[in-house]
Amino acid sequence: MLAQQRQAAILDRVRTTGGVRVTELAAEFGVSDMTIRRDLEALHERGLLAKVHGGATVAGPGSTDEPGFRAKSVRQLAEKAAIAAHAAELVRPGAAIALSAGTTTAELARRLVDVPGLTVVTNSLPVAEILHAGGRPDQTVVLTGGVRTPSDALVGPLAVGAIRSLHLDLLFLGVHGISERAGFTTPNLMEAETDRALVNAADRLVVLADHTKWGTVGISSIVALSAAHLLVTDDGLPTGARRVLGEQVGELVMVTATGGGGTTTTPTSGGAAQ
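Reading the values: rules and limits
- Per chain, residue numbering runs from 1 following the sequence as it is written.
- pLDDT decides what is reported in this predicted model: residues at 70 or higher carry local features, side-chain atom pairs at 80 or more are listed and counted, and totals for whole chains, interfaces and linings draw on all residues regardless.
- The side-chain values count all of the structure's non-hydrogen atoms but skip hydrogen atoms and water molecules.
- Only the stretch in contact is used when fitting a helix axis, every axis being a line fitted to C-alpha atoms; angles between N-to-C directions are given from 0 to 180 degrees.
- Under the scheme used here, helices are H or I runs from DSSP no shorter than 4 residues and strands are E runs no shorter than 2 residues, and both carry numbers assigned from the N terminus.
- In these notes the angle categories are as follows: under 35 degrees is roughly parallel, over 145 is roughly antiparallel, 65 to 115 is roughly perpendicular, and the rest is oblique.
- Residues are treated as being in contact if the distance between any of their heavy atoms lies within 4.5 Å.
- Charged residues are taken to be Asp, Glu, Lys and Arg, nonpolar residues to be Ala, Val, Leu, Ile, Met, Phe, Trp, Tyr, Cys and Pro, and polar residues to be all remaining types, Gly included.
- Between any two strands, pairing holds if DSSP finds at least two bridges.
- We define a salt bridge as a side-chain nitrogen of Lys or Arg found within 4 Å of a carboxyl oxygen belonging to Asp or Glu.
- Burial here depends on accessible area, computed with a 1.4 Å probe over protein chains only, as a share of the maximum for the residue type. Under 20% is buried, over 50% is exposed, and the range in between is partly exposed.
- When charges are tallied, Lys and Arg are placed among the positive residues and Asp and Glu among the negative ones, while His and the ends of the chain are skipped.

- Looking up the chain in an unreviewed UniProt entry gives the name DeoR family transcriptional regulator, with the organism given as Micromonospora deserti.

Pasting the structure below:
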């Protein structure tokens, strides 16, 4: 296969699935990882896709652009792992918690499979699958039901109705974007409504979002920044964002994505979430 043919096939795959991995493409086309990386670089330079660590995703995100779960799963892997590791420390045996849809919350789910007596409410198919595969008999997983979105979230009236009858200790919320003006946002209108139902059902809101979410604005706001009791992000967060978030969220924790997994905590000046 000529390079031009291979690149056309790669671009078609990205547009169909939302994201690709270098290793999978190399195996499929029978070429080296380096060859695939050169292909991705060529497509990236032409503005046809966006290179990410280990692969590529669709280019040109907008306020209604909703990448699939697979596309998002190849982005900021180290940051998501560090964020999830810190979040897992907040979960106590026997708690009733919720995990919204998202790749960072799915990463958290992998760290919760051995927590005894846990009840987890989720509108995320991947989260439910991860916990079910863990096979722990003293865990209860409640899947909300609803209409499936490209990010493998279950949303809509069925999901909202199920959530409204619940009382939860803690919600871990994944978001598409964070903005001083728009707060925490999503590109899916029905997902925003479902997420707000989760927020209202929980005593405490913990938002999990890597630094790339700052400045991204989805079409629908979920809640204001001040609604978050805790925001766990990574130390790639820009200085200006640290100031804004430090003033508005209840508590800001920035984890180190590489080397030791340490954390830095920035207290707020008395945000509304407290």
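Once you've had a look at it, read on.
1. Comments concerning the packing of helix α8 (residues 157-164) against helix α9 (residues 189-201)
Move 1: Axis separation between α8 and α9 bottoms out at 9 Å; the angle between their running directions is 5°. When the interaxial angle is binned, α8 and α9 end up roughly parallel. Residues Ala159, Val160, Ile163 and Arg164 of α8 form the contact with α9, whose own contacting residues are Glu193, Thr194, Ala197, Leu198 and Ala201.
Move 2: Split into classes, the residues belonging to the contact of α8 with α9 amount to six nonpolar, one polar and two charged.

2. Regarding the sheet that holds strand β1 (residues 19-21)
Move 1: Taken together, three strands build an open sheet; the order of strands is β1-β3-β2 and the sheet is antiparallel. Every interior strand has two partners, whereas the edge strands, β1 and β2 (50-52), have only one. Strand after strand, the sheet turns through a mean of 20° between neighbouring axes, direction not considered.
Move 2: In the packing of helix α2 (residues 22-29) onto the sheet, the strands contacted are β1 and β3 (55-57), and the crossing angle to β1 comes to about 70°.
Move 3: In the packing of helix α3 (residues 33-45) onto the sheet, the strands contacted are β2 and β3, and the crossing angle to β2 comes to about 140°.

3. Some thoughts on the pattern of salt bridges
Move 1: Applying the stated criterion across every chain yields a total of eight salt bridges.
Move 2: Put simply, glutamate 41 and lysine 51 hold a salt bridge, and the shortest N to O gap is 2.6 Å. Of this pair, glutamate 41 sits in helix α3 while lysine 51 sits in strand β2, placing them ten residues apart in sequence.
Move 3: According to the relative accessible area criterion, lysine 51 is partly exposed, its value standing at 38%.
Move 4: Residue arginine 243 pairs with glutamate 247 through a salt bridge whose shortest N-O separation is 3.9 Å. Taken together, the residues arginine 243 and glutamate 247, both in helix α10 (residues 239-248) and four residues apart, mark about one turn of the helix.

4. So, the side chain of glutamate 79
Move 1: With respect to the element layout, glutamate 79 can be found in helix α5 (residues 77-88).
Move 2: No salt bridge is formed by the buried glutamate 79. Its closest oppositely charged neighbour is lysine 80, at 8.2 Å.
Move 3: Leave out the neighbours within four places in its chain, and glutamate 79 touches Asp210, His211, Asp234 and Ala257.

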